[in-house]
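Here are the chains, one letter per residue:
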Amino acid sequence: QDNAHYVHSRGATEVFPPEDADIIVDNSATGSTLSANRLKIIDEIFVSSTCLYAHSHLMEEGDPVRKQAIEKFVTLLKSVIDAHQRAILEFNIPESRLQELCRTLPAMRQPTISPLHDAHSLDTWFGVKIAVQKSVLFELIPVIKAGGGEGIIVYDLKHVTL
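Along each chain, residues carry numbers from 1 onward, in the same order as the chain's sequence is written. A pLDDT threshold of at least 70 governs which residues receive local features in this predicted model, and a stricter bar of 80 or more applies before side-chain atom pairs are shown or counted, although totals over entire chains, interfaces and linings include all residues. Only heavy atoms go into the side-chain values, all of them from the structure, while hydrogens and water stay out.

Visitor: Where do I start with the overall build of the protein in this structure?
Guide: Here a strand is any run of E in DSSP of at least two residues, a helix any run of H or I of at least four, and the numbering for each starts at the N terminus. Of regular secondary structure, the protein possesses five helices and four strands. Whereas a compact globule of 162 residues would reach a radius of gyration of roughly 15 Å, the protein reaches 25 Å, over 25% beyond that. Considering only C-alpha atoms, the protein reaches an extent of 85 × 50 × 25 Å along its principal axes. With a 1.4 Å probe rolled over the protein chains alone, any residue whose accessible area is under 20% of its type maximum counts as buried; one over 50% counts as exposed, and the rest are partly exposed. Looking at the 162 residues of the protein, the share that counts as buried comes to 21%. Contacts: residue pairs with any heavy atoms within 4.5 Å of one another. When contacts within the protein are restricted to residue pairs at least 6 apart in sequence, those whose partners lie at least 24 apart make up 63%. Per-residue and other accessible areas were derived by the Shrake-Rupley procedure at a 1.4 Å probe size, with only the shown protein chains allowed to occlude residues. Of the roughly 13,100 Å² of accessible surface on the protein, 53% is carried by carbon and sulfur atoms. Here the globule rule reads 2.2 Å times residues to the power 0.38, and the radius of gyration is calculated from C-alpha atoms.

Visitor: I'm lost on helix H3 (residues 64–84) in this one. Help?
Guide: One fewer than the residue count of a helix, multiplied by 1.5 Å, yields its expected span. The terminal C-alpha atoms of H3, which comprises 21 residues, lie 31 Å apart, in line with the 30 Å expected from a rise of 1.5 Å per residue. The term polar contact refers here to a pair of N or O atoms within 3.5 Å; inside protein, the definition further demands a hydrogen-donor-capable atom paired with an acceptor-capable atom, and it admits residues adjacent in sequence only when both atoms are side-chain atoms. Two or three places before Val 65, at the start of H3, stands the capping residue Asp 63, its side-chain oxygen 3.0 Å from that residue's backbone nitrogen.

Visitor: Is there a simple way to explain the environment of Glu 14 in this structure?
Guide: Tracing the backbone through its elements, the reader meets Glu 14 in the segment before helix H1 (32–36). Overall, Glu 14 belongs to the buried group, its relative accessible area being 14%. Each C-alpha atom of the pair Glu 14 and Leu 77 lies 27 Å from the other, and the pair is 63 residues apart in sequence. Glu 14 has contacts with Ile 24, Asp 26, Thr 33, Leu 34, Asn 37 and Leu 39, leaving out every residue within four places of it along the chain.

Visitor: Whenever I open this one, a nonpolar patch on the surface confuses me. Can you help?
Guide: On the surface, a cluster of nonpolar side chains totalling about 390 Å² of accessible area is made up of Val 25, Ile 45 and Phe 46. Tracing the sequence through the fold places Phe 46 in the loop between H1 and helix H2 (56–60). Two distance rules govern patches: like charges are joined within 9 Å, and nonpolar side chains (Val, Leu, Ile, Met, Phe, Trp, Tyr) within 5 Å, applied only to residues with over 30% relative accessible area and no salt bridge. Throughout this description, the term salt bridge denotes a Lys or Arg side-chain nitrogen within 4 Å of a carboxyl oxygen of Asp or Glu.

Laid out in structure tokens, this is it:
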């Protein structure tokens, strides 16, 4: 005998258990909301992807203004997605160590290097800025420190357009 009661939910499904449901089926990007509600993923039913669709006529021979608007929108979406995978890393380094370290640094093109202003210092120092994949940060920071880098700062990006 089936004693189950099925409820169609249009959002905030994760708040149903345990009072209003024993189990739920929900789509989740990160699972953080599920974890916050003390829910455990039992099984993955399927994996989905988010796609942007436009009518083929519009993209091939349609209104050029609308096509350009769609292409701009796609560029902005991709820039946000790319930004989530990268970070900006900045540090200061003396001129005597600059070239050696910069040869080993990953960057989107080349590091941005700017002289630091210090009228009273005998040494010339530079500020270096690179955009790097977040996956290499924990390996890269000790390399920079060992190579003479100081004042290392890492921050997230909002948009990256390649």
